[in-house]
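Geometric and topological summary
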Amino acid sequence: MDSRVSELFGGCCRPAGGGAGAALRGRGGAAPGGGSKTKKKNGRSRGGKANNPPYLPPEAEDGNIEYKLKLVNPSQYRFEHLVTQMKWRLQEGRGEAVYQIGVEDNGLLVGLSEEEMRASLKTLRRMAEKVGADITVLREREVDYDSDVPRKITEVLVRKVPDNQQFLDLRVAVLGNVDSGKSTLLGVLTQGELDNGRGRARLNLFRHLHEIQSGRTSSISFEILGFNSKGEVVNYSDSRTAEEICESSSKMITFIDLAGHHKYLKTTIFGLTSYCPDFAMLVVSANTGIAGTTREHLGLAMALKVPFFIVISKVDLCSKATVERTVKQLERILKQPGCNKLPLLVNSDDDAVTAAQQFAQSPNITPIFTLSSVSGENLDLLKVFLNILPPLTNSKEQEELMQQLTEFQVDEIYTVPEVGTVVGGTLSSGICREGENLVVGPTDEGKFLRLKVCSIQRNRSACRVLRAGQAATLALGPFDRSLLRKGMVMVSPEMNPTICSMFEAEIVLLFHATTFRKGFQVTVHVGNVRQTAIVEKIHGKDKLRTGEKAVVCFRFIKHPEYLKIGAKLLFREGVTKGIGHVTDLQAITTKENGLEESLGPGQLSF
């Protein structure tokens, strides 16, 4: 796929055949139009009459989705077993599970009578209370399956009430062209008040005076939207502080508001590479369609393999025909060979539930929402989608990351009165606690310096323990801020981190006006590292042209950096763009960087 991402930058637009609905039904999931259009297999009904009963995919042993035919008056032993099973599903979904009631383990949609369903939901509620969770009915659908009595299946979301700040946290990067309504949409979602049509909702998101004056985002800002254990929205409309939102929420969506203007592109790329978003939300204005940096932002999300969904904003300004034209324009681009996505237009709550589940299971599906931040049209559908959207990693992967040594990426540096130096970033691996001793680097000389974590804040509220994958700010007390810079890492002293000035990467040149040769300078983005590098060598070739692949040796021009083999890489210079991954590091030896033989606590530089 990487070699074809260049088509997004190059502007070709070849429609692909096949409809999204047909493809979705072929995967065995629910079709976009609603629950009744499910995959069918040939079979026989229990009465012996030939029939086409509807099926879901068979139940998986792993994951957070559980099928139950019925839960009517279970024995005490059976009830305890069901509770244990629910704990497992909640652990797999990191605090969330979805129960399909009226479905056999093989995926057959049998359905229950109204009385059986009422009894089953009562049992499910008792199970949830036992594990400290709440249940929310997502949707009900009737099953027409060889019966005179109406039979239903019910989809239920089970969400654990958070304990000790262990709420589920998803990061969503917000992309889109300038003036597409990104900040306004976030203002409406997080403040709980509709916009007045002149940008009032976005004022609370801006960080600088020139942003308020121009109405354009130039820096990265973070906004939070919470959902409680019952699936209700928790935002600033009923909570005065971020701390109150965190306390009341079982699930948090952290929006990373990125810049849309082309001159702030490096800030947008840094936000996508450094803050490790789980998903991206591409906002497109209904009245302008795909314009400006929209195609470029779409290409960046594709290149970095960030799953994205699309929001078409400002539908209140346009006729229905204009909105439909913008939707078709997007569908055409998503289906082209460079993208190879399946657009899924969301028009109802049922579509939103289907979209959230299919989106997490298949990377090819791209939900599309049409809404207005002024009239509030279809805004609830986006909230339903965000409420149900599951995490990409399961508890096992999370546990494996936490077992590794501590590694914290430094993305932001502040000086806070009466607190001292504060760094913001993401914990890539391990666990970080208050009072822990770490080393930070590399400095310009390639050294690592000792420091102590004085306190931790996560989502603007105090936190004692930080776990892998979580973003937070760490107070470092009197540590000299001038010794820190973006792109550094704070690691456990036992890690013995590898640093380099030269590295090799397998790249694809997405676009270059002429030929890409030795000596060319580009800005390289690898995670939170952003630095100018020189092309030292192109293996096996003298030059590269647009669309070609090669292994290239780069050299940083200012100072060494901490990199890992396999890390995604993105480079740019003007209109030149390329992607790839790090394949080899020419590590600086201990003699070269001036460190002692080991990085023991007594041998680190200050």
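As the structure is a computational prediction, the values presented were derived from the model and not from experiment.

Definitions and limits used
Residues numbered from 1 in each chain as written. Predicted model: local features only at pLDDT ≥ 70, side-chain atom pairs only at ≥ 80, totals over all residues. Heavy atoms only, no water. Core = buried A, V, L, I, M, F, W, Y, C linked by side-chain atoms within 4.5 Å. Buried < 20%, exposed > 50% of the residue type's maximum accessible area, 1.4 Å probe, protein only. Helix = DSSP H or I, 4+ residues; strand = E, 2+ residues; numbered from the N terminus. Domains from an automatic or database assignment. pLDDT = per-residue confidence, 0-100. Contact = heavy atoms within 4.5 Å. Pairing = 2+ DSSP bridges. Axes fitted to C-alpha atoms, helices over the stretch in contact; angles between N-to-C directions.

**Observations concerning the nonpolar core**
Ranked by internal contacts, the top residues of the largest apolar core, which has 38 residues, are Leu175, Leu258, Leu272, Phe308, Ile310 and Ile312. Secondary-structure elements contributing two or more residues to this core are β7 (168–176), α8 (265–274), β11 (279–285), α9 (294–303), β12 (308–313), α10 (320–335) and β25 (499–511). A domain-level breakdown of this core finds at least three residues from each of domain 2 (168–392) and domain 4 (499–587). Core analysis: the next-biggest nonpolar cluster, separate from the first, contains 37 residues, Val174, Leu185, Phe359 and Phe385 among them.

**Brief notes about the confidence of the model for the chain**
Model confidence for the chain is summarised by a mean pLDDT of 83, while 83% of its residues fall at 70 or above. Low pLDDT, under 50, characterises residues 1–52; the stretch is placed with 112 contacts to residues that sit more than four places away or in other chains. The low-confidence segment residues 590–606, where pLDDT is below 50, has 29 contacts with residues more than four positions distant or belonging to other chains.

**Considerations on the sheet that holds strand β4 (residues 96–101)**
The strand order β3-β4-β6-β5 describes an open sheet built from four strands, whose pairing is mixed. Among the strands making up the open sheet, the edge pair consists of β3 (65–68) and β5 (133–143). Between one strand axis and the next, the sheet turns through 20 degrees on average, direction left out of account. Summarising the sheet, β4 and strand β6 (residues 151–160) pair through six bridges and their orientation is antiparallel. What sits directly across from Val98, in β6, is Leu157. Of the strands in this sheet, β3, β4, β5 and β6 touch helix α3 (residues 76–92), which is tilted by about 130 degrees from β4.

**Points about the sheet that holds strand β15 (residues 407–416)**
What links the strands of a sheet is backbone hydrogen bonding, and the strands pair in either a parallel or an antiparallel sense. In space, the eight strands of this open sheet follow the order β19-β18-β24-β15-β16-β23-β20-β21, with antiparallel pairing throughout. Looking at the sheet topology across the chains shown, the edges are occupied by β19 (449–452) and β21 (461–463). Neighbour to neighbour, the strand axes of the sheet diverge by 40 degrees on average, direction disregarded. Alignment of β15 against strand β16 (residues 420–429), held across nine bridges, turns out to be antiparallel. Bridged to Glu412 within β16 is Gly424.

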